[in-house]
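Chain by chain, the residues:
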Amino acid sequence: MKTKFAIFSMASLLAAPAFADVQINGFANLIGGMTLDDNETVYDYDSDFSFDPASVFGLQVRGEVSDKLSATAQLVGRGKDDYDADFEWAYMTYAVNNNTNISAGRLRMPLFKYSSSLDIGYSYHWLTPPDAVYGIDFNNIDGVRIDYSNFSGDWEYGVQLTAGRVETDTTISGTPASLELENVVAVSFELTRDWFSARTLVGRGKTSAENVQFDTFIAGMAQFAPLIPAAASSATGFSVDEDTGNFFEVAVDIDKYDWFVGAEFTQTEVDGSVIADNKAWYVTAGMRFGKFTPHITYEVEEADNADQLALVAALPSSISTGDQVTDATWSAIYQGAAGIATQQKFEVSAVTAGLRYDVEPGFALKVDVTWYSDDLNDANDATLLKVGVNYTF
């Protein structure tokens, strides 16, 4: 039903007489992959070959309402969602002048270097960008974005100011949860000259997450505050309720056409919550030989759970109230808190070697092999093979 409604809405947009000029663009990423051992799973792949985790198909429609006003909508179907089509972008843009645009609606949030073309696999050399950096739960925002671009000598630069809110699905300690980011404000700056480009972004917002099971656990811990004073502060520290989240990103690229090298770094913090501080980065390089582009990437993601472990350290592992049920209940809560805090630590790395072959403009074949390593648990190590086609029109 969702797919039919989305297609009907797109058709209505195309038929609207208010648009003097309508542009239609499309893209397809047909990506199949599998791990090379029966016991391995990584990035939603296992030893059974599947197209679902990363395949994406999309249409983008842009209509000119007037010389200064336009409307853009992007309809996307993802394999992981059974290819149910949905509007991921839907916004209006007003061109203030040649340098400044103001957009409002559901927008792509410019968190990363490849954010604007994240779903268009043809725009980068990998089949999918490094998961350590790009594997987050959201990329779009409901709000307003101001784009300003200009030149200074041989330098081209751009500034983006984004504000709004985000609602999406996430996980807390492996269980599904709803994530809400309010009062989000992000500022990015990008600089380009010939073969060199660099960008950075800082963002902040109020972060909340809801999960019935986790919220019940937090409430149970807080109920022991009369017996254990630290239980109240630990319960607050574990909860994710309008906590201040901060995000920082920086990227640098050198592209001499025959060869290229790039790097990107991100840091995420959600103060006073169960979410551990996260740092991620990658370095990538490649060479172009006619239609062939061999490349290699090294990526790392780390999460520090020191704050979460400190919340558990402030609690007694057991109590003696004389009531066996009460004592056993607290013991279970403590063990649960210790387990949750331990789970927040994360240290993984991956090496990806790949080859891109440009069949013709807008059409590329790719193959990537990724060696994934979990530095905390070797049992999670895996080797992933992916092959795919990227197409644009």
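Since the structure is predicted, the reported quantities are computational estimates derived from the model, not experimental observations. (Residues numbered from 1 in each chain as written. Predicted model: local features only at pLDDT ≥ 70, side-chain atom pairs only at ≥ 80, totals over all residues. Heavy atoms only, no water.)

## A few points about helix H3 (residues 212-222)
Right, on to step 1. Residues of H3 that are buried: Phe-214, Phe-217, Ile-218, Gly-220 and Met-221. For H3, the arc enclosing every buried residue in end-on projection is 160 degrees, short of the 170-degree limit, so these residues lie on one face. The exposed set on the far side of H3, more than 90 degrees from its buried face, consists of Val-212 and Thr-216.
Right, on to step 2. Elements in contact with the buried residues of H3: strand E7 (155-172), helix H4 (230-238) and helix H6 (324-343).
Right, on to step 3. Measuring from the side-chain oxygen of the N-cap residue of H3 to the backbone nitrogen of Gln-213 gives 3.1 Å; that N-cap residue is Asn-211. (Buried < 20%, exposed > 50% of the residue type's maximum accessible area, 1.4 Å probe, protein only. Helix = DSSP H or I, 4+ residues; strand = E, 2+ residues; numbered from the N terminus. Arc of directions from axis to C-beta. Contact = heavy atoms within 4.5 Å. Polar contact = N/O pair within 3.5 Å; in protein donor to acceptor, adjacent residues only side chain to side chain.)

## Brief notes about the environment of Phe-189
Right, on to step 1. As for its placement among the helices and strands, Phe-189 is situated in strand E8 (residues 175-193).
Right, on to step 2. Distance in space between the C-alpha atoms of Phe-189 and Ile-102 is 16 Å, their sequence separation being 87 residues.
Right, on to step 3. The contact partners of Phe-189, leaving out residues within four places of it in the chain, are Tyr-157, Gly-158, Val-159, Ala-198, Arg-199 and Thr-200.

## A few points about the nonpolar core
Right, on to step 1. Grouped together as the largest cluster of nonpolar side chains are 49 residues, with contacts concentrated most on Phe-214, Phe-217, Met-221, Phe-238, Leu-315 and Trp-330.
Right, on to step 2. Ranked by the residues each element gives to this core, the list is headed by H6, at six residues.
Right, on to step 3. Apart from residues no more than four positions distant in its own chain, Phe-214 is found in contact with Ile-172, Phe-238, Ser-239, Val-274 and Ile-340.
Right, on to step 4. Core analysis: the next-biggest nonpolar cluster, separate from the first, contains ten residues, Ala-54, Ala-350, Tyr-372 and Leu-384 among them. (Core = buried A, V, L, I, M, F, W, Y, C linked by side-chain atoms within 4.5 Å.)

## What about the packing of aromatic side chains?
Right, on to step 1. Applying the stated rule across the entire model yields 22 aromatic pairs.
Right, on to step 2. Judged by centre distance (5.2 Å) and plane angle (85 degrees), the rings of Phe-49 and Phe-51 are edge-to-face.
Right, on to step 3. Take Phe-49: its relative accessible area is 44%, and that puts it in the partly exposed class.
Right, on to step 4. On the accessibility criterion, Phe-51 (35% relative accessible area) is partly exposed.
Right, on to step 5. Ring plane angle 40 degrees and centroid distance 4.8 Å describe the contact between Phe-292 and Tyr-357, whose orientation is recorded as tilted. On the criterion of sequence distance, the pair formed by Phe-292 in strand E13 (residues 292-304) and Tyr-357 in strand E14 (residues 346-360) is long-range, its members being 65 residues apart.
Right, on to step 6. Given a relative accessible area of 28%, Tyr-357 falls into the partly exposed group.
Right, on to step 7. Site record: aromatic cluster; members linked through ring pairs are Phe-112, Tyr-114, Tyr-124, Trp-126, Tyr-134, Phe-247 and Tyr-282. (Phe/Tyr/Trp six-rings, centres within 6.5 Å; stacked < 30°, edge-to-face > 60°.)

## Section: a negative patch on the surface
Right, on to step 1. A grouping of Asp-52, Asp-81, Asp-82, Asp-84 and Asp-86 is seen on the molecular surface, where their side chains present a negatively charged patch.
Right, on to step 2. Inspection of the secondary structure puts Asp-52 in the loop between strand E1 (21-35) and strand E2 (56-64). (Patch = residues over 30% accessible without salt bridge, like charges linked within 9 Å, V, L, I, M, F, W, Y side chains within 5 Å. Areas by Shrake-Rupley, 256 points an atom, 1.4 Å probe, with all protein chains shown as cover. Salt bridge = Lys/Arg side-chain N within 4 Å of Asp/Glu carboxyl O. Lys, Arg positive; Asp, Glu negative; His and termini not counted. Charge placed at Lys NZ, Arg CZ, Asp CG, Glu CD.)

## Focus on the confidence of the model for the protein chain
Right, on to step 1. For the protein chain, per-residue confidence averages 93 on the pLDDT scale, and residues scoring 70 or more make up 95% of the total.
Right, on to step 2. For the stretch residues 1-17, pLDDT sits under 50, and the model shows 19 contacts to residues farther than four places along the chain or on other chains. (pLDDT = per-residue confidence, 0-100.)

## Focus on the pattern of salt bridges
Right, on to step 1. What the rule picks out here adds up to 15 salt bridges.
Right, on to step 2. For Glu-182, the salt bridge identified is with Arg-165, shortest N-O distance 3.9 Å. Linking Glu-182 in strand E8 with Arg-165 in strand E7, this pair joins segments that are 17 residues apart in sequence.
Right, on to step 3. By relative accessible area, which is 31% here, Arg-165 ends up partly exposed.
Right, on to step 4. The shortest N-O distance in the salt bridge between Asp-358 and Arg-356 comes to 2.9 Å.
Right, on to step 5. Residue classification places Arg-356 among the buried residues on the basis of a relative accessible area of 9%.
Right, on to step 6. Through salt bridges with shared partners, a single network forms among Arg-78, Glu-88, Arg-108 and Asp-119.

## Here's the deal with the side chain of Gln-60
Right, on to step 1. You can see Gln-60 is positioned in strand E2.
Right, on to step 2. A distance of 2.8 Å separates polar atoms of two side chains, one belonging to Gln-60 and the other to Gln-74.
Right, on to step 3. Each residue touching Gln-60, except ones within four places of it in the same chain, is listed here: Gln-23, Ile-24, Asn-25, Thr-72, Ala-73, Gln-74 and Trp-89.

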